[in-house]
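Per-entry structural report
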Amino acid sequence: MRIIFMGTPTFALPSLERIYKEHEIISVFTKVDKPNARGKKINYSPIKEFALVNNLKIYQPENFKDSTLIEKIKNMQPDLIVVVAYGKILPKEIIDIPKYGIINLHSSLLPRFRGAAPINAAIINGDKKSGVSIMYVEEELDAGDIILQEETEITNEDTFLSLHDRLKDMGADLLLKAINLIEKGEVKAQKQDENLATFVKPFKKEDCKIDWNKTSQEIFNFIRGMNPVPTAFSNLNGTIIKIYETKINDKIYNSATCGEIVEYLKGKGVVVKTADGSLIITSAKPENKKQMTGVDLINGKFLKIGEKLC
């Protein structure tokens, strides 16, 4: 098949690699290059890096309002456009171009968690399973008919990163299966149940702040779902403490208030009171310091008993 691939982050890379081996990639679309945090170096997306190495034609439009660009895509005569975490909405003029339409790999079991950050959301919400969906692209966000889905269990050890890495490989394999079905004319797509649809918006900084008035399980899930990005945090005496890992502690501290640092557990970490119990902070990064273990936090007295995280 003649395929145009659209994607940007690491999540999209296994999909492009697998498709490249079995089909003709006629061009690659990825988001505009961005400078790094210090603004001194331009960072290429993983998709652009792959395209450069393999001499693929690259496009990085700001949007799809340019009629000349739309005409170029028409002239490419793609059989299919594949979208994986591209980060841009495609207009109907683009959707109507490919012979077999446009398909998208989405990192949730649609219709649950349409939109941004579905991997984070699955862990934060305490879901027992997640997965990937291959669907046709329509004008409405993530609402197209589903071609294939595959599930995976979410364990208490999973973080955003571990689930992300599992789903990117699962999704790439499933994407190839979907393309094969399309090529053979054997697709039996299913409509999504709109009554079950939920949506996830991109995280803002304030969304990443820990609410210590919640239960231990809720906070535990929240921190895992934010690890390593966009990272859960708390304030302590005017400074930010990024928190990466915790463990649920059975002990209840009735005389303390939620968010209060109540104890040091030797060899483990710093204990903080929650609504129904407590959590042990086992990995965190105080502002302007390196990421450290719970033991290091105790030894360095970065989090002191009696202080309150908020």
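Parameters and conventions
Residues numbered from 1 in each chain as written. Predicted model: local features only at pLDDT ≥ 70, side-chain atom pairs only at ≥ 80, totals over all residues. Heavy atoms only, no water. UniProt positions renumbered as here; feature names shortened; annotations may be inferred. Helix = DSSP H or I, 4+ residues; strand = E, 2+ residues; numbered from the N terminus. Buried < 20%, exposed > 50% of the residue type's maximum accessible area, 1.4 Å probe, protein only. Polar contact = N/O pair within 3.5 Å; in protein donor to acceptor, adjacent residues only side chain to side chain. Contact = heavy atoms within 4.5 Å. Salt bridge = Lys/Arg side-chain N within 4 Å of Asp/Glu carboxyl O. 1 Å grid on protein atoms, 1.4 Å probe; cavity = no way out; pocket = protein on both sides within 12 Å on 5 of 7 lines; lining within 4 Å. Points joined across faces, edges and corners; volume = space filled by probe spheres on them. Nonpolar A, V, L, I, M, F, W, Y, C, P; charged D, E, K, R; others polar.

This part is about the UniProt feature "binding site: (6S)-5,6,7,8-tetrahydrofolate" (unreviewed entry) in the protein. UniProt tags S108, L109, L110 and P111 as "binding site: (6S)-5,6,7,8-tetrahydrofolate" (unreviewed entry). Topologically, S108 is positioned in the loop between strand 7 (102-106) and strand 8 (114-115). Taking relative accessible area as the criterion, S108 reaches 2% and is therefore assigned buried. Polar side-chain contacts of S108 include one of 2.6 Å to the backbone oxygen of R112. By secondary structure assignment, the location of L109 is in the loop between strand 7 and strand 8. Apart from the residues lying within four places of it in its own chain, the contact partners of L109 are K129, S130, G131, V132, S133, Q149, E150 and E151.

Glancing now at the pattern of salt bridges. Inspection of the entire model under this criterion finds 13 salt bridges. One salt bridge connects R114 with E194, and the closest N-O pair in it is separated by 2.9 Å. One end of the pair, R114, is in strand 8; the other, E194, is in the loop between helix 6 (160-184) and strand 11 (199-200), and 80 residues separate them in sequence. Note on R114: relative accessible area 0%, which makes it buried. Its relative accessible area of 43% is what places E194 among the partly exposed residues. Taken together, the salt bridges that share partners define one network made up of R18, D169 and D173.

By rolling a water-sized probe across the atoms, one finds the places where empty space is left. By volume, the largest pocket amounts to about 1300 Å³. If you trace the largest pocket, you find 49 residues lining it, with P9, A85, Y86, G87 and A116 closest to the centre. Taken together, the residues that form the lining of the largest pocket break down as 27 nonpolar, 13 polar and 9 charged. By volume, the second largest pocket amounts to about 380 Å³. Lining the second largest pocket are 18 residues, and of these I124, N125, F203, K214 and F222 lie nearest its centre. Taken together, the elements giving at least two residues each to the lining of the second largest pocket come down to helix 5 (118-124), strand 11 and helix 7 (216-225). In terms of residue count, the dominant contributor to the lining of the second largest pocket is helix 7 (4 residues). Split by residue class, the lining of the second largest pocket holds 9 nonpolar, 3 polar and 6 charged.

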